Structure formats: structure tokens, C-alpha cells
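Observations on chain architecture
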Amino acid sequence: MESYKQIISPNKKINFNINAVLQYKDLLFLFVKRDFISIYKQTVLGPLWFFIQPILTTIIFTVVFGRYAGLPTDGIPQVLFYLAGITCWNYFAECLTKTSSTFIDNQNIFGKVYFPRIITPLSIVFSSLIKFGIQFLLFLVVYIYFIFDNSSIHPNITLFLFPFLIVLMGLLSLGLGMIISSLTTKYRDLRFLIQFGIQLWMYVTPIIFPLSSLGGKMKTLAILNPMTSIIETFKFSFLSAGTFNWIHLGYSILVTLIVLLLGVLIFNKTEQNFMDTV
């Protein structure tokens, strides 16, 4: 009687499946390619939407919050201030939105063939990174223009933290997305709340206002938001304006690690029997 060469069993503990992900790296690449191409495949403007979206959002923020509301921007030109926050937030929000529906959107694939399920949310993080790179180029164009126009804007040594900030945003959104995706297999109402929740989260993150404009309890509450120090560090690195604090950044790192570990644990547990409830 022929013996099995490989036995596939569900994970019952925290397991990042690193070896399995490396083994299925070609599938990860195919998912990244699929996610990126399918977004604007049948649109008229195609990839131009990568630029149009942040441009329109920046214009709206500049008119509404800059001109009419008169919110401060730490002395940074309003267009550059809002674009910096929007560029980072778009990456985080897109990763969180798409990973939060992993089980629902891929139930047909999950029910037919085996592969490490964590590859699916990982592919979203990587494909969204491509979009972030394109929008970051737009930010750099505007940034370089204002460097020559405004001598007070310049990068500093904390710019070396930039790659780390991207990783931090990706991991935080991955962890939260896996938690929400696992919960939506039983509680479908969460799918309708996630978009509203992300929009609300954006308005309590220093994107339309600088952290320095807050004081007292409001500032403390803002710092408890793990995205606050990430956005502020990004702005400080490129614009030399904003708030940079190692303690605040360390807090964001700690929250990210806890959320990621919790997300992997819940995700692994859910994938064992999600086909019975999805």
C-alpha cells in the first residue's frame, strides 16, 4: 500500500507558514499580478486612476479643510501636507479593506484546492504596494517642486525609517484584515461597517490636521491611534515638520505585533472550518 508523501493538516497554533509561503511563491506572484491587473482592467483611463484618486482627494481636502475650515498644516504648503497623509493612508486603507474580505471573496477557490490561505491576504499587501509606489511617485514630483520653491522643506536623517514605515503599515493592515475577515465568516454585517469604520478612522488620524494642533486629552487619544505616529514620522522625515517621537513609534510597533500575532492565530483557527459557516 502506497504511503502518503505529504500530509496536510490544519494549523492549531500561531503559524506564519513561512516555509509554505516560500514553497508557493509562484502562486503568490500570480495572485499579486491578478489583483493589480483586475482593478482597472475594463476602465477607460486604466492605471491613470492611480494618480487621479489622490489628486482629487488632495484638491477636496485643500478646499474644504485648508481654505474654508482653516485647519493648520504646520507651515507646510497645504497641497503637500494633505498629499503626504493621503499617500500613506491610501495604502493602509486599501490593504485593510481588501484583506478584511479574504474568506468571503475567495470561498470558491478555498473550497476546491489547497494552498496556504495566508498567501491570499499577503498578495493583497504586495499588490497594493505597487499602487502605493505609483502614488508615491506623484508625491515625489510635488515634493521636489516645493523643495525648490520653499527652502524650509527638506528631508532629514529619519528618512531612513521610510521603508520600515511601509512594512509597519502593511503588517498592521494585514493583522487587522485577517481578524475582520475571520469574523465576517459568521458576522456578515461587518462587511458593511468596514468602509464606514475606515473613513471614520481616517478623520481621527493626523491627515487633515497636524498632531501639534491638538492638546490635552485629544492629543493623548490621537497618539493611541497606531497610525498617528506612522503618518507623523513620514511627514517629519520628508518635510521636517510634524511630530517625531521614538516612544510613540515604539507604541505603534508594539500594537502592530500584537495585532499581527492575534490576526494569524484567529486566521489559522478560522480556516479549519470556515467552509461550514461561510
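Check the entry above for the structure.
Model, not experiment: these values are computed from the prediction.

Rules used in this analysis
- Residues numbered from 1 in each chain as written.
- Predicted model: local features only at pLDDT ≥ 70, side-chain atom pairs only at ≥ 80, totals over all residues.
- Heavy atoms only, no water.
- Salt bridge = Lys/Arg side-chain N within 4 Å of Asp/Glu carboxyl O.
- Helix = DSSP H or I, 4+ residues; strand = E, 2+ residues; numbered from the N terminus.
- Buried < 20%, exposed > 50% of the residue type's maximum accessible area, 1.4 Å probe, protein only.
- Core = buried A, V, L, I, M, F, W, Y, C linked by side-chain atoms within 4.5 Å.
- Contact = heavy atoms within 4.5 Å.

For the rest of this paragraph, the subject is the pattern of salt bridges. Taken as a whole and assessed by the stated rule, the structure comprises two salt bridges. Here Lys-98 and Glu-94 are joined by a salt bridge, their closest N and O atoms 3.2 Å apart. You can see Lys-98 and its partner Glu-94 sitting in helix 4 (residues 78-99), four residues apart, about one turn around the helix. Relative accessible area serves as the criterion here: at 29%, Lys-98 is assigned to the partly exposed category. Put simply, Lys-131 and Glu-94 hold a salt bridge, and the shortest N to O gap is 2.7 Å. One end of the pair, Lys-131, is in helix 7 (residues 119-149); the other, Glu-94, is in helix 4, with 37 residues separating them in the sequence. The same class applies to Lys-131 as to Glu-94, namely buried.

Quick look at the nonpolar core now. If you look at the biggest cluster of nonpolar residues, it comprises 63 residues, and the most contacted ones within it are Leu-80, Trp-89, Phe-139, Met-227 and Phe-234. Among the secondary structure elements, those contributing two or more residues to this core are helix 2 (25-39), helix 3 (49-68), helix 4, helix 7, helix 8 (162-184), helix 9 (190-203), helix 11 (226-239) and helix 12 (246-270). Top contributing element to this core by residue count: helix 4, with 13 residues. When residues no more than four places from it in sequence are discounted, the contact partners of Met-227 are Trp-89, Phe-92, Met-169, Leu-172, Trp-201 and Thr-205.

Glancing now at the side chain of Gln-135. Summarising the element assignment, Gln-135 is placed in helix 7. Overall, Gln-135 belongs to the buried group, its relative accessible area being 2%. Setting aside chain neighbours within four positions, we find Gln-135 in contact with Phe-50, Gln-53, Pro-54, Thr-87 and Asn-90.

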